[in-house]
Amino acid sequence: MNSDLATQGGQANGGGRRSFLQGVDLAAQNAASAQGPETTMNVEDLEASSKAADPSPVMALVDRVLIEALTSGASDIHVEPQDDGLLVRFRQDGVLRSIDTLPKSMTPAVTSRLKIMAELDIAERRLPQDGRIRRNFRGRTMDFRVSTLPSRHGEKVVLRLLDSGATQLGLDTLITDTGARANLREIGAKPYGMVLVTGPTGSGKSTTLYALLSERNDPGINICTVEDPIEYTLQGITQTQVNREKGYDFSSALRAFMRQDPDVLLVGETRDLETARTAIEAALTGHLVLTTLHCNDAASAFARLDEMGVEPFLVSASLLGVISQRLVRRLCPDCRVPYHPDNEDLARFGLVASDESSITFFHAHTTGPGVEGACPTCQGRGYAGRVGVYEILRMNETLSSAVAKRSSTEELRRLALEAGMKTLLGYGLDLVRQGLTTLDEVERMLLTDTGLESERRARALSTLTCRGCGAGLQDEWLECPYCLRIRR
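Throughout what follows, the structure given in this document is the object of discussion.

The rules we used
Residues numbered from 1 in each chain as written. Predicted model: local features only at pLDDT ≥ 70, side-chain atom pairs only at ≥ 80, totals over all residues. Heavy atoms only, no water. Phe/Tyr/Trp six-rings, centres within 6.5 Å; stacked < 30°, edge-to-face > 60°. Helix = DSSP H or I, 4+ residues; strand = E, 2+ residues; numbered from the N terminus. Lys NZ or Arg CZ within 6 Å of the ring centre and 35° of its normal. Expected span 1.5 Å × (residues − 1). Buried < 20%, exposed > 50% of the residue type's maximum accessible area, 1.4 Å probe, protein only. Salt bridge = Lys/Arg side-chain N within 4 Å of Asp/Glu carboxyl O. Contact = heavy atoms within 4.5 Å. Core = buried A, V, L, I, M, F, W, Y, C linked by side-chain atoms within 4.5 Å. Pairing = 2+ DSSP bridges.

**Description of the packing of aromatic side chains**
Applying the stated criterion across every chain yields a total of two aromatic pairs. Here Tyr390 and Tyr427 contribute two aromatic rings whose centre-to-centre distance is 6.0 Å and whose plane-to-plane angle is 65 degrees, an arrangement assigned as edge-to-face. Placement of the pair is Tyr390 in strand β15 (residues 383–394) and Tyr427 in helix α16 (residues 424–433), with a sequence separation of 37 residues. Above the face of the Tyr383 ring, Arg329 is positioned so that its terminal group lies 4.1 Å from the ring centre. Over the ring of Phe362 we find Arg336, and its NZ or CZ is 4.0 Å from the ring centre.

**Some details on helix α4 (residues 57–72)**
Between the first and last C-alpha of α4 there are 22 Å, a value that for 16 residues agrees with the 22 Å anticipated at 1.5 Å per step. Residues Val58, Ala60, Leu61, Val62, Asp63, Val65, Leu66, Ile67, Ala69 and Leu70 constitute the buried set of α4. Downstream of α4 by a residue or two, Gly73 has a phi angle that is positive, lying close to 80 degrees.

**Things to note about the pattern of salt bridges**
Where side chains of opposite charge bring their charged atoms close, a pairing between them can arise. The tally for this structure, following the rule as stated, stands at 30 salt bridges. Among the salt bridges present, the one from Arg329 reaches Glu441, with a minimum N-O distance of 3.0 Å. Of this pair, Arg329 sits in strand β12 (residues 319–331) while Glu441 sits in helix α17 (residues 439–445), placing them 112 residues apart in sequence. The pair formed by Arg329 and Glu441 is uniform in burial state, with each residue classed as buried. Note that Arg348 and Asp345 form a salt bridge whose closest N and O atoms lie 3.0 Å from each other. Of the two residues, Arg348 and Asp345 are both situated in helix α13 (residues 343–348); the distance of three residues between them amounts to about one turn of the helix. Owing to a relative accessible area of 34%, Arg348 belongs among the partly exposed residues under this scheme. Its relative accessible area of 28% is what places Asp345 among the partly exposed residues. The network of salt bridges with common partners includes Asp172, Arg181, Arg185 and Glu215.

**Looking at the side chain of Ser318**
With respect to the element layout, Ser318 can be found in helix α12 (residues 312–318). With sequence-adjacent residues up to four places away left out, Ser318 is seen in contact with Gly193, Met194, Ile280, Ala283 and Leu284.

**A closer look at the nonpolar core**
Counting 43 residues, the largest nonpolar core has Ile175 and Leu213 as its most contacted members. With six residues, α16 is the single largest residue contributor to this core. Residue contacts for Leu213: discarding those within four places in its chain leaves Ile223, Thr225, Leu234, Ile237, Val264, Leu266 and Leu290. Membership of the second largest hydrophobic core comes to 40 residues, among which are Val242, Leu254, Leu265 and Leu319.

**Describing the pairing of strand β4 (residues 129–137)**
Here β4 shows one buried face, formed by Gln129, Gly131, Ile133, Arg135 and Phe137, and one open face, formed by Asp130, Arg132, Arg134 and Asn136. In the sheet, β4 pairs with strand β5 (residues 140–151) via nine bridges, with the strands oriented antiparallel. Among the inter-strand pairings, Arg134 is bridged to a residue of β5, identified as Asp143. Taking the residues between adjacent antiparallel strands as the criterion, β4 and β5 are bridged by two residues, where Arg138 takes a positive phi near 50 degrees.

Printed below as a string of structure tokens:
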């Protein structure tokens, strides 16, 4: 290195750190960059464009729909051509509600405007298309993930709202159960291995992953993520977005990451064998890999990976744990109504009235938006926001051995319950007891025959002695064979 250059760049800064900027004219460099061809264009402000002089009626209408969705906290916008008009619906707190029905004659113009904003081909009406709209809104950069689909009466357009500048929630805010939170923290603090987060679309998987990343985010750790699309921005990490048209998918991004000296890797979704194998190889070679998988519950993740073609011995050797999650609507604290359900209602959830006699249950007070006297906090919906429900399966030697032997999902679920796993239904019922949600919400999102049977078994495993006659019980007995008392 030239000695003069070394002198310029190697002057000691405070604390012995060196400044690489010494002797560099940043003002001149910035001016040159601003004139170059790679100048970043300012993102258009949504409210400013809606108030622009002489906007076309369709442009003004579409801007108002987007602003209303952002203002009301919607997560999705559905623009659906129907036989009698163009239906606009918002998904709020996981439930769709109708907002307006526009004249049928406006369908082509509204659809074309949305496609232009998303930089899609407006002439292509026979094939689905995907795009993105980016706008500023009240100081935040908002992304709208756009999907079009040909339908009988025209193209349906669905927009997913993503706040790319949102501040991440921590695990303390996301997870109400202290035991589940501690479990997840311990799993996420491991130096290597793979963590799977499962659940349907829109169940908060990305939020949980970023909460884990934020706890690991440190200048001494190299964190890389590959997503489709990038939903959150986290300072200090490297984020990349897949581009399938150019052949840049999850597996190719993972292979590139392995040459970037990573410590923690986040893969937005594991959906094929190549991505799964590459992620497992990374986990087996000293990296912590966080990824998502689509399946119904934690125990089903092993069958899903086996179905993809991943060898069970690789899964058992690399997997640290599986987190299954859902989102249920949170009761409005200002208008919720106390009540006590009858015995039949409780029995549907495997609950016994005598055990729940001291618990105050609540249901939602629903009047509907715009009704006189509606609660100002929830606008008469009875719910305000959502709360997470978690099922955390931690791997142990017994489970790893069973996975390697290709044990059935039911057997793996039984072993997980014996190890202390709380089911989705059990977690949801705890939220009901805390007054955070309702039995109706638990039934809508969590109550299945498999889930109910798992929860009953989990309760049975928590007691080894009959409360009626004091006799010893075996794990598989759901009732006492001596006095016939139900085990709970």
